[in-house]
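# An overview of the molecular structure
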Amino acid sequence: MGRKIITVDISDFEERKQEIATQLLEASKDVGFFYIGGHGIPEEDFEKVLKAGQAFLALPDEVKAQWPFNPDSYLGHRGPDELETVTGGYDFKNQTFAGEEWPELLGEEWRNTALDFQEKVHKVAVTILKALFIALGRDENIIDDAFDITLEENPSFVAWNYYPPMTEEQEAAAKNGKLPPRLHAHADMDVLTILYQREGDNGLEIAPGNEIEDLSLIEDVGNAWNDMPVAREWTPLDPKPGLLTVNIGDGLTRWTDGLLKSTYHRVHAPKEGDPKGARYSIPYFVNPKLNYVIQGPEKRFSPVTGFDLLSKTGNAYVARKNDPEKTWQKKAYTGEVADLSAMLAANAATAVEALGYRVTALQTIGCCQALFTFHNSRVDNKAPRY
Ligand SMILES: O=C(O)CCC(=O)C(=O)O
Ligand SMILES: [Fe+2]
């Protein structure tokens with residue numbers, strides 16, 4: 001299958017706008033995932049921000065639980081079983097979230113490290129979005145306004161994903177082909193995601209959106225993850241030194257009437273020969289400001305706001321996780337996982353028809369823990385914010 005993951009060098013953007021725009025548009029229309037070089041962020045910065053995240057994620061569970069995940073704001077620490085305890089909520093009238101604070105315990109230096117990183121990675125995001133708008137013949141100045149991270153309405157955020165090392169039981173299950181992915185198959189609900197991965201931390205794989213015609217899934221904001229088309233083939237995206245991995249999210253698919261492809265991806269469990277230790281990644285999820293309405297010129301999808309993209313994702317996640325029947329989790333751990341792999345290997349098309357359900361239902365939320373933080377927390381960590 002022709003899935004070519006290209007690398008686009010975005011250095012000297014002002015002088016090379018048109019060339020970069022053309023390359024990015026091709027990559028975004030085709031696979032929806034690409035590598036970015038010439039982004040200007042030095043390796044030491046990634047190492048520093050990774051250490052900051054690791055410092056938080058290594059804290060005892062009771063300490064991390066002081067910053068529980070909030071599905072409305074998508075902030076806080078999302079541990080494997082901590083989703084029942086949420087704080088705050090969205091105030092629809094004032095379009096604000098109830099206050100949350102940075103983990104003060106980690107101190108000023110920690111916060112500055114995170115914020116400096118967000119500023120740098122946000123510039124990369126803005127460059128990519130502007131290039132895509134140029135290529136589409138749309139007004140690139142919209143991007144500065146819609147994605148201004150200094151505003152209180154900014155909902156773009158950094159996450160630190162932590163996948164704990166494999167246990168002996170998991171290694172045994174992997175040998176029998178019964179280990180679900182470390183992170184379930186999903187498409188990102190945001191506009192764009194910029195991902196940093198450590199060299200050697202492989203596992204990410206993709207099934208591009210342009211092979212999946214049923215874009216009505218994207219229309220169903222917040223629930224698309226429950227109803228995923230089957231991917232017949234997954235293409236690995238192993239980390240490349242110095243490059244960032246970027247993918248188009250559902251928001252940009254909507255904004256371009258389906259032209260740019262939001263792409264399904266997952267993190268598979270370590271296979272024979274893969275590292276079995278802890279895995280980390282740092283995605284930066286880019287959304288327009290909370291009350292900014294996005295819709296494509298052809299109005300193929302209904303309008304959504306930055307808040308919709310942010311909060312419906314969080315709430316859909318919690319609803320699935322807290323389903324009293326545990327439907328999702330149960331299915332994820334049955335022998336069906338192995339059966340499906342075997343059937344798919346034998347004949348993908350027949351297997352899909354015979355099973356009559358979609359692969360995601362067989363997969364699991366995985367073991368991924370994450371910490372999410374916003375830029376605006378810098379303003380005053382006691383002030384009410386999102
Ligand atoms: O850990 C990775 O490589 C991918 C993470 C991801 O897809 C996500 O956090 O949305
Ligand atoms: Fe993702």
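Residues numbered from 1 in each chain as written. Chains lettered and ligands numbered in written order. Predicted model: local features only at pLDDT ≥ 70, side-chain atom pairs only at ≥ 80, totals over all residues.

### Observations regarding the overall build of the chain
We apply this condition: In this description a helix means any DSSP run of H or I spanning at least four residues, a strand means any run of E spanning at least two, and both kinds are numbered starting from the N terminus. Whether a residue is buried, exposed or partly exposed is read from the other C-beta atoms within 10 Å of its own C-beta, which are placed from the backbone; 20 or more gives buried, 12 or fewer gives exposed, and intermediate counts give partly exposed. Each residue is represented by a C-beta atom placed from its backbone, and any two residues with such atoms within 7 Å are regarded as in contact.
Of the regular secondary structure elements, the chain holds 12 helices and 16 strands. Each of the 386 residues in the chain was classed as buried or not, and the buried ones make up 44%. For the chain, the proportion of contacts with a sequence separation of at least 24, taken over those separated by at least 6, is 80%.

### Some details on the environment of Ser156
Secondary-structure assignment places Ser156 in the loop between helix H5 (141–146) and strand S6 (157–163). Taking the number of C-beta atoms within 10 Å as the measure of exposure, Ser156 has 26 and is therefore buried. A C-alpha to C-alpha distance of 8.5 Å links Ser156 and His122, two positions 34 residues apart in sequence.

### Some words on the environment of Pro181
Its place among the elements puts Pro181 in the loop between helix H6 (168–175) and strand S7 (183–186). The spatial distance from the C-alpha of Pro181 to the C-alpha of Gln18 is 39 Å, given a sequence separation of 163 residues.

### Topic: the site of ligand 1
The criterion, for reference: In this entry, near means the residue's backbone-placed C-beta atom lies within 6 Å of the molecule or strand. Amino acid classes used here: Ala, Val, Leu, Ile, Met, Phe, Trp, Tyr, Cys and Pro are nonpolar; Asp, Glu, Lys and Arg are charged; the rest, including Gly, are polar.
Residues in contact with ligand 1, as listed here, are Asn161, Leu183, Asp188, Leu195, Gln197, Leu204, His265, Val267, Ser281 and Pro283. Elements supplying a minimum of two residues to the shell around ligand 1: strand S8 (192–197), strand S12 (264–267) and strand S13 (279–286). When the residues that make up the shell around ligand 1 are grouped by side-chain class, the tally is 5 nonpolar, 4 polar and 1 charged.

### Examining the pairing of strand S11 (residues 244–248)
The condition that has to hold: A pair of strands is treated as paired once DSSP finds two or more bridges between them.
Counting buried residues in S11 gives 5 out of 5 residues, a clear majority hidden from the surface. Bridge count for strand S2 (residues 33–37) against S11 is 4 bridges, and the pairing is antiparallel. Within S11, the residue paired with Phe34 across the bridge is Val246. Judged from the 4 bridges that link them, S8 and S11 form a sheet pairing that is antiparallel. Within S11, the position partnered with Leu195 by the bridge is Thr245.

### Brief notes about the nonpolar core
Heads up, the condition is: Among buried residues, those of type Ala, Val, Leu, Ile, Met, Phe, Trp, Tyr and Cys that are joined through C-beta atoms within 7 Å form a set called a nonpolar core.
Within the largest apolar cluster, 65 residues are counted, with the highest numbers of intra-cluster contacts made by Leu24, Ala125, Ile128, Leu129, Phe147, Leu192 and Ile194. The greatest single-element share of this core, amounting to 13 residues, is contributed by helix H4 (residues 107–135).

### Looking at the environment of Lys299
Looking at the element boundaries, Lys299 is found in the loop between strand S14 (293–294) and strand S15 (304–305). Lys299 gets classed as exposed once you count the C-beta atoms within 10 Å, which come to 9. Counting along the chain gives 45 residues from Lys299 to Arg254, while the straight-line C-alpha distance between them is 8.6 Å.

### Let's talk about the confidence of the model for the chain
Defined as follows: Confidence of the predictor at the level of single residues is captured by pLDDT, which takes values from 0 to 100.
Predicted confidence across the chain gives a mean pLDDT of 73, with 64% of residues reaching 70 or more. Mean pLDDT in the chain bottoms out at helix H12 (residues 359–362), which sits at 28, and peaks at strand S1 (residues 7–9), which reaches 98. In this model, residues 81–99 is a region of pLDDT below 50 whose contacts with residues beyond four sequence positions or in other chains number 44 contacts. Predicted confidence for residues 217–230 stays below pLDDT 50, and this span has 36 contacts to residues more than four positions away or in other chains. Taken over the whole predicted complex, pTM reads 0.80, whereas the ipTM for its chain interfaces reads 0.99.

### Here's the deal with the packing of helix H1 (residues 13–30) against H4
How two helices sit against one another is set out by the angle between their axes and by the gap between those axes. Just so we agree on the cut-off: To get an axis, a line is fitted to the C-alpha atoms, and for a helix only the part in contact is used. The angle between two axes follows their N-to-C directions and goes from 0 to 180 degrees. In this scheme, roughly parallel covers angles under 35 degrees and roughly antiparallel covers those over 145, while 65 to 115 is roughly perpendicular and the rest are oblique.
One can describe the packing of H1 onto H4 by two numbers: an axis separation of 8 Å at closest approach and a directional angle of 80 degrees. Considered as vectors, H1 and H4 are oriented roughly perpendicular to each other. Between H1, through Phe13, Lys17, Ile20, Ala21, Thr22, Leu24, Leu25 and Ser28, and H4, the contact on the second element is made entirely by Thr127, Ile128, Ala131, Leu132, Ile134 and Ala135. In terms of residue class, the contact of H1 with H4 is made up of 10 nonpolar, 3 polar and 1 charged.

### Observations concerning unusual backbone geometry
In the Ramachandran plot, Asp12 falls in the positive-phi region, its phi being about 50 degrees despite a non-glycine side chain. Mapping Asp12 onto the fold places it in the loop between S1 and H1. Phi at Lys299 takes a positive value of approximately 55 degrees, unusual for a residue other than glycine.

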